[in-house]
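Each chain, letter by letter, is given below.
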Protein chains: 2
Amino acid sequence: MAAFNVAVIGATGLVGSEVVRRLEGRGFPVKNLVPMASKKSSGTLVEFRGEGVQVVQASEDGLRGMDLVFLCVGQEEAVRYGYAAKEAGALVIDKSNAFRMDPEVPLVVPEVNPKAAFHHKGIVASPNCSTIQLVVAIKPLYDAVGIKRLIVSTYQSVSGTGKDAVTELRDQTEALLKGEEYRPSAYPYRIAFNLIPHIDAFEDTGYTKEEMKLVRETRKILEDPGLPISATAVRVPVFVGHSEAVTVDTQKECDVEEARRLWSEAPGVVLVDAPEALLYPMPVDCEGRDEVFVGRVRRDISCERGLTFWVVADNLRKGAATNAVQIAELVLLGEVSR
Amino acid sequence: MAAFNVAVIGATGLVGSEVVRRLEGRGFPVKNLVPMASKKSSGTLVEFRGEGVQVVQASEDGLRGMDLVFLCVGQEEAVRYGYAAKEAGALVIDKSNAFRMDPEVPLVVPEVNPKAAFHHKGIVASPNCSTIQLVVAIKPLYDAVGIKRLIVSTYQSVSGTGKDAVTELRDQTEALLKGEEYRPSAYPYRIAFNLIPHIDAFEDTGYTKEEMKLVRETRKILEDPGLPISATAVRVPVFVGHSEAVTVDTQKECDVEEARRLWSEAPGVVLVDAPEALLYPMPVDCEGRDEVFVGRVRRDISCERGLTFWVVADNLRKGAATNAVQIAELVLLGEVSR
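Residues numbered from 1 in each chain as written. Chains lettered and ligands numbered in written order. Predicted model: local features only at pLDDT ≥ 70, side-chain atom pairs only at ≥ 80, totals over all residues.

Give a description of the overall build of chain A that names residues and reports values.
Along the backbone of chain A there are 9 helices and 14 strands. A compact globule built from 338 residues would reach a C-alpha radius of gyration of about 20 Å, and chain A, at 20 Å, matches this within 12%. The principal-axis extent of the C-alpha atoms belonging to chain A is close to 60 × 55 × 45 Å. Once local pairs closer than 6 in sequence are excluded, the contacts in chain A between residues at least 24 apart make up 65%. (Helix = DSSP H or I, 4+ residues; strand = E, 2+ residues; numbered from the N terminus. Rg over C-alpha atoms; globule rule 2.2 N^0.38 Å. Contact = placed C-beta atoms within 7 Å.)

See the structure below:
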């Protein structure tokens, strides 16, 4: 089997280090791994297949000879290294927001729109964390009964923000329990034992960019530019795992049994829905898992035809690293698997 | 001015002790305060107007001579003491679920349906915490532009469960930060750094009783038995303050400016909605406040006419104690104030 020279830019961040672990964990055929990061982190070691691999400073020159480049950095750097890696002939998989809405760049969730990936011109974008778990959950309904309208409320963990936010939640919680002060820095307000109904910048409509990512990316992935979607995105004091309360108005009737059957057969979905046994998805149970968990399924009582349910996924795994590695598997190996 | 003999049953619980503080704080004309509780708590002191008042064991006999009785206990005790207090000639205000859906008992939020209170036959019920803040927030829209459909996702704090749950969140969080085990008891699962999409028992439809309280109580308060409502109720690791993401389809067009104007004039509502200045309601800011806070107001983009917004209130204050004391002010003093 072919093996690939793989660079991970941003390899010391939460998502980048998870990409390295997923490459190993999923047995991706890596010939050489080149973990890259900022000057500050270069020289540190990243563990891969039982060995410490030295992190090198990210540079455009360093991308020569790479077959596959994962971009786990911010938008600005993603643009710079993305074009450089593409020029160097690599397949580029970008986790940032830089290319997602570019009509030339496919936005891919392998269980949902695998074919789109093969139209790439060097770059494939991976959607935002909250979009990925939403589209994996709704795709079986979309195909079987059609979706007329989608309303989503999110409950997003701090690891979606990055390492600093994880540290902030831990240290701030500890300080508060001791009755000490702690000045927020990763967020504008305290996150410990609080909620912040504000993720990313506000647009003129009053929606945040995070909420509009859910709207725009879902429409692009489903190739349904007019699909009515509304979202409210909220940060919650949870370390890992994003949750979503979803209401779907469907075109055709779909009862709970039918929906459960669709989900139990859907790729990448685990149905956890036995309320009588107190079984439903929760962030702590989904941490470290690659799938999207669906539960609390019920016939929505506020519309003629519709369902309401609860979706949880590990935002660092399926919401980020796992999806990126799956895209590589799909494009370079022709595989679709969880 | 007349003054009243007032009993608070459950005076040592989170809600009961807050009722005592609200009676004092709002200057309610109390002649004698009789705090009652279980045998276990009797003999302890409750502070009222700078003095320690001894808690007595709750008993039906002890209700004789009372003008006003607050029931801050579970459903079973509420029924027992509710009928006894009514027989004794007192006005009974019940915080439990015991009488809320009884067609003989008005279910009252003073800013929303004050007239209903005057049809009481001795007992007035105060709604569930999450219903109170919802109806205060939607009433101005309901009156001005009509509501066709309502979708609510809740983010409910642990103080809604009671003292044990508050202790559990604190102790469990502390234990987890130290890497120690902590067995859940107030909840079926860990609540620290987690979410539990399950409050109260499940009904056959898959909705929980907590979710259906939002549906049924809102319909009763608005006297609109067919109003389409759907809710998802989720417990979050926050000590005090319930939050709700609300989507409302309106009969008539209502833009954001009009909605803000309605809320800025609405009784009991504080509009906190300046996204450009990062101002929106959060639980920590609403703790210890009597009002309902509305923000993140936007024209809903998934329907023809509608709004999406965010509502926060202190579940022990407006969601419980404040509303109960306001009902007493309304019925006995003829006042409606925050």
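The discussion continues.
Describe the environment of T208 of chain B, listing the residues and the values that go with them.
Residue and element names in this part refer to chain B. Positionally, T208 belongs in the loop between helix 5 (163–177) and helix 6 (209–221). By the C-beta count within 10 Å, which is 22 here, T208 ends up buried. As a C-alpha pair, T208 and V112 span 96 residues in sequence and 25 Å in three-dimensional space. (Buried ≥ 20, exposed ≤ 12 C-beta atoms within 10 Å, placed from the backbone.)

Before we move on, can you summarise the interface of chain A and chain B with the specific residues and values?
Each partner contributes to the interface: chain A provides 52 residues, whereas chain B provides 52 residues. Among the elements that line the side of chain A that touches chain B, the one with the most residues is strand 9 (residues 147–155) of chain A, at 5 residues. Taken together, the residues of the side of chain A that touches chain B break down into 31 nonpolar, 12 polar and 9 charged. (Nonpolar A, V, L, I, M, F, W, Y, C, P; charged D, E, K, R; others polar.)

Got a sec to walk through the sheet that holds strand 1 (residues 4–9) of chain A? Specific residues and values, please.
All names here are of chain A. The parallel open sheet is built from 6 strands, whose spatial order is 5-2-1-6-7-8. At either end of the open sheet lies a strand with only one pairing partner, and these are strand 5 (56–57) and strand 8 (123–125). Helix-sheet contacts for helix 2 (residues 75–87) involve strand 1, strand 6 (68–71), strand 7 (91–94) and strand 8, and the interaxial angle to strand 7 is about 160°. Contacts from helix 9 (residues 317–333) reach strand 1, strand 6, strand 7 and strand 8, with the element oriented near 155° to strand 7. (Pairing = 2+ DSSP bridges. Axes fitted to C-alpha atoms, helices over the stretch in contact; angles between N-to-C directions.)

So, the packing of helix 1 (residues 14–25) of chain B against helix 9 (residues 317–333) of chain B: which residues are in play, and what are the values?
Residues and elements named next belong to chain B. Relative orientation of the contacting elements helix 1 and helix 9 amounts to 50°, with a least axis distance of 9 Å. Relative to helix 9, the element helix 1 is oriented oblique. For the pair helix 1 and helix 9, the sense of crossing is right-handed. The segment helix 1 lies against helix 9, with V15, E18, V19, R22 and L23 engaging R317, A320, A321, T322, A324 and V325. Among the residues making up the contact of helix 1 with helix 9, the classes are represented as 7 nonpolar, 1 polar and 3 charged. (Parallel < 35°, antiparallel > 145°, perpendicular 65-115°, else oblique. Left-handed = near helix turned anticlockwise from the far one by under 90°.)

Please set out the sheet that holds strand 10 (residues 229–232) of chain B residue by residue, giving values where relevant.
Residue and element names in this part refer to chain B. Strand order in the open sheet formed by 6 strands is 10-9-11-14-13-12, and the pairing between neighbours is mixed. The outermost strands of the open sheet, each flanked by one partner alone, are strand 10 and strand 12 (269–271). Neighbour-to-neighbour, the strand axes of the sheet open up by a mean angle of 25°, direction not taken into account. One ladder, built from 8 bridges, connects strand 11 (residues 242–250) with strand 14 (residues 306–313); its direction is antiparallel. Residue H242 lies in a different strand from strand 14, and its bridge partner there is A313.

Give me the lowdown on the pairing of strand 14 of chain B, citing residues and values where you can.
All names here are of chain B. Most of strand 14 sits out of view: 8 of its 8 residues are buried. Burial along strand 14 is two-sided: G306, T308, W310 and V312 facing one way and L307, F309, V311 and A313 facing the other are all buried. Two strands pair when backbone bridges link them, and strand 13 (residues 292–299) and strand 14 are joined in this way by 6 bridges, in the antiparallel orientation. Bridge pairing in strand 14 places V292 opposite A313.

An account of the packing of helix 4 (residues 129–145) of chain A against helix 9 of chain A is requested, with residue identities and associated values reported.
All names here are of chain A. Running from N to C, helix 4 and helix 9 point in directions that differ by 85°, and their axes come no closer than 8 Å. In terms of orientation, helix 4 and helix 9 fall into the roughly perpendicular class. Between helix 4 and helix 9, the residues in contact are C129, I132 and Q133 and K318, G319, A320 and N323, respectively. Split into classes, the residues belonging to the contact of helix 4 with helix 9 amount to 3 nonpolar, 3 polar and 1 charged.

Break down the nonpolar core for me, citing the residues and quoting the values.
Counting residues in hydrophobic clusters, the biggest one holds 226 residues, and the most contacted among them are I9, V69 and V311 of chain A together with I9, V69 and V311 of chain B. Apart from the residues lying within four places of it in its own chain, the contact partners of I9 of chain A are M36, A58, V69, F70, L71, C72, V73 and Y81 of chain A. (Core = buried A, V, L, I, M, F, W, Y, C linked by C-beta atoms within 7 Å.)

Could you give me a rundown of the environment of V284 of chain A, with the residues and numbers involved?
Within the element layout of this structure, V284 of chain A appears in helix 8 (residues 283–286). Judged by C-beta crowding, with 18 C-beta atoms within 10 Å, V284 of chain A ranks as partly exposed. Not counting the four nearest positions on each side in its chain, V284 of chain A is found in contact with R190 and N194 of chain B.

An account of the relation of the copies chain A and chain B is needed here, citing residue identities and associated values.
Superposition record for chain A on chain B: RMSD 0.0 Å, screw rotation 180°, translation along axis 0.0 Å. Given the turn and translation reported, the copies of this chain are related as if by a two-fold rotation axis. Looking at chain A, 100% of its interface residues are interface residues in chain B too, so the copies touch through the same face. (Least-squares fit on C-alpha atoms with pLDDT ≥ 70 in both.)

Got a sec to walk through the domain arrangement of chain A? Specific residues and values, please.
Residues and elements named next belong to chain A. You can read the domains of chain A as domain 1 (4–127 + 319–333) and domain 2 (131–315). One C-alpha centre belongs to domain 1, the other to domain 2; they are set 25 Å apart. The leading source of residues in the side of domain 1 that touches domain 2 is helix 9, at 4 residues. Across the side of domain 1 that touches domain 2, the residue classes tally to 7 nonpolar, 5 polar and 2 charged. (Domains from an automatic or database assignment.)

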